[in-house]
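The primary structure of each chain is shown beneath.
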Amino acid sequence: MPPPPPLLLLAALVAAAARPGCEFGGSLAATCVDLQLRTCGDAAYNHTTFPTPLQHWSREAVEASSEYILLSVLHQLLEGQCNPDLRLLGCAVLAPRCEGGRVRRPCRHICEGLREACQPAFDAIDMAWPYFLDCHRYFKREDEGCYDPLEKLRGGLEADEALPSGLPPTFIRFSHHSYAQMARVLRRTAARCAHVARTYSIGRSFDGRDLLVIEFSSRPGQHELMEPEVKLIGNIHGNEVAGREMLIYLTQYLCSEYLLGNPRIQRLLNTTRIHLLPSMNPDGYEVAAAEGAGYNGWTSGRQNAQNLDLNRNFPDLTSEYYRLVGTRSARSDHIPIPEHYWWGKVAPETKAIMKWMQTIPFVLSASLHGGDLVVSYPFDFSKHPQEEKMFSPTPDEKMFKLLSRAYAEVHPMMMDRSENRCGGNFLKRGSIINGADWYSFTGGMSDFNYLHSNCFEITVELGCVKFPPEEALYTLWQHNKESLLNFVETVHRGIKGVVMDKYGKPVKNARILVKGIRHDITTAPDGDYWRLLPPGTHIVIAQAPGYARVIKKVIIPSRMKRAGRVDFILQPLRVGPKNFLPGLRRTGPHDSLGGASPLGEGTEANPDPLRARRQPSAGGSKPWWWSYFTSLSSHRPRWLLKY
């Protein structure tokens, strides 16, 4: 490339001297060239121009810049958060879009939205917001003719996919769904049933795919008093695809049957808030789908894009439970996440689930897998770690067996008496099994749900073929439809109610204890609670700091299908704090998920352990990532330093 004219060189030097404060003119005449930057190869456009707004005169100059190096490693620095959104946003500045001899500027509102969402991720590693992502300097308003630099992420997801002519809107296509097809089905279904459904994202996968959820409720987007919350999760292992498809079909079925006036479905959606996450591991699915049904290996695509098994990536709270349970006065429920957990590699998909659990008071959950035909329940980790197979029940063993049977006993193949069938070795157990009695492992999602929150989760193995052929999907749906509905309906077993003070004010984080079951649940912010319980007579206690405990005797008939209402009115204690009930306060580490401790007990949360270590010392030492950038480039990116 010939050197630029002297006047342009002078202008470049002046602009470079002013960096990081150079202006980015919009809609200027420019010479468009092919976009050849590898880090920006998936941008929504194919042509750029030089010089860039940062006064880089060639592709080589861009690639050697510290700004470009930052974009190339951003997903690693932020542990998958805001990826690939921030990278594409940065590419819109480092390699501006050029069309028809004109430069187009990205939209300011996109930049502002990302900054609000992603600033905490930069704060966590003690890094300043990059100067070239200044939303006012390098981005335009919509009325000035900007473009969306993230349009490719949404490309193909907004457009509807027409059904074959002559087919009713209730038609379900029993086929495998790509990520774009899955997103279209979920959004189309939510649009058809907008008064009872909505879609939302709980986060992004490591490769940047939205973890899309569809919610069904009489008031979508709102928690209603005493309405229980249920979640169903599929595809935690990318190559186990049956659960993904079952949940996609279930979304369409619930919407259609509600509109058709099915009384069972209308009652279910009007009394329950249901959240369906068809694919927790969309990146792994892409690997498995590339091989296809019948060709997929036993493990190809199982892990996420970081090569992490997501069902081994949750905090091991079961080991802590076994330690605490030997101490009489210690609480063994709502165990906080240990600080050392955050020193390991935590997948963005795992973190998204944990944040989700903090924002919604889930009562019941199921994780859908493949590879066998059985329902397993916690604990998944043996009470003797060296034992690979050992019956290791929770205090709620009876309830977990009831929940598991609710799925298995209406599943025709799980009840098939042939021992030669898939999963025949579980036949004598009724096709249900304690997880650790099957095989023991740590870091599972079901154990974490039970020990960290109020949520009871089971694991459903839908069949021995992990990636079934398309022709088998309709039969799979017929086998699992009733089981899925029956399981969700069991959230209405046990008791529910509201805990309030004598003035009628809700008491949040009050404890609900059941005598003989050493596992308490806590009330939601509105003071409401749900306690899954098997039939029988139970002594139930409500207590909270500063209040006298209230004890009630509850009888749950064996045929009772709806939760009985048991409210508690707590009277304030007349004594000082020294007489508060023991064990109610526990200082625990902050969960590093952007929220308070799950115990919600007013104790000051400890900072994120990673962030605590990465803060600069009083002597002014640089953050941990500084040496990486200075070793790769002679340009020291001091604009990344906050101090």
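Note that this is a predicted model, so its numbers are computed, not measured.

What to know about the sheet that holds strand 18 (residues 550-556)
- One open sheet accounts for four strands, arranged 15-14-17-18; its pairing is antiparallel. Taken across any chain shown, the strands that pair with only one partner, and hence form the sheet edges, are strand 15 (517-522) and strand 18. Here the strands of the sheet are splayed against their neighbours by 25° on average, with no regard to which way each runs.
- Here strand 14 (residues 511-514) runs beside strand 17 (residues 536-543); their pairing, made up of four bridges, is antiparallel.

Some thoughts on the state of the cysteines
- According to the stated counting rule, one finds six disulfides in the structure shown.
- One disulfide bridge connects Cys 32 with Cys 98, the sulfur atoms lying 2.0 Å from each other. The sign of the S-S torsion, about -75°, decides the handedness of the disulfide formed by Cys 32 and Cys 98: left-handed. Of this pair, Cys 32 sits in the loop between helix 1 (6-18) and strand 1 (33-34) while Cys 98 sits in strand 3 (residues 97-99), and the two are 66 residues apart along the sequence.
- On the accessibility criterion, Cys 32 (27% relative accessible area) is partly exposed.

Concerning the UniProt feature "active site" (unreviewed entry) in the protein
- The sites that carry the UniProt feature "active site" (unreviewed entry) are, in the present numbering, Glu 461.
- With respect to the secondary-structure elements, Glu 461 resides in strand 12 (residues 456-463).
- If we skip the residues at most four places from it in the chain, Glu 461 touches His 369, Gly 370, Gly 371, Asp 372, Leu 373, Val 374, Met 414 and Trp 438.
- Reaching out from Glu 461, the side chain makes a polar contact with the backbone nitrogen of Gly 370 at a distance of 3.4 Å.

Looking at the pattern of salt bridges
- In total, this model carries 26 salt bridges according to the counting rule given.
- For Glu 215, the salt bridge is made with Arg 198, and the minimal N-O distance between the two is 2.6 Å. Placement of the pair is Glu 215 in strand 6 (residues 210-216) and Arg 198 in strand 5 (residues 197-204), with a sequence separation of 17 residues.
- Taking the shortest distance from any N to any O, the salt bridge between Asp 333 and Arg 331 comes out at 2.7 Å. Here Asp 333 matches Arg 331 in class, with each residue buried.

Notes on helix 10 (residues 282-291)
- Those residues of helix 10 that sit buried are Pro 282, Asp 283, Gly 284, Tyr 285 and Ala 288.
- The inward-facing, buried residues of helix 10 abut helix 7 (179-192), strand 6, helix 8 (242-259) and helix 12 (348-359).
- Gly 292 occupies a position one or two residues after helix 10 and carries a positive phi of about 90°.

Rules used throughout
- Residues numbered from 1 in each chain as written.
- Predicted model: local features only at pLDDT ≥ 70, side-chain atom pairs only at ≥ 80, totals over all residues.
- Heavy atoms only, no water.
- Pairing = 2+ DSSP bridges.
- Helix = DSSP H or I, 4+ residues; strand = E, 2+ residues; numbered from the N terminus.
- Axes fitted to C-alpha atoms, helices over the stretch in contact; angles between N-to-C directions.
- Disulfide = S-S within 2.5 Å.
- Buried < 20%, exposed > 50% of the residue type's maximum accessible area, 1.4 Å probe, protein only.
- UniProt positions renumbered as here; feature names shortened; annotations may be inferred.
- Contact = heavy atoms within 4.5 Å.
- Polar contact = N/O pair within 3.5 Å; in protein donor to acceptor, adjacent residues only side chain to side chain.
- Salt bridge = Lys/Arg side-chain N within 4 Å of Asp/Glu carboxyl O.

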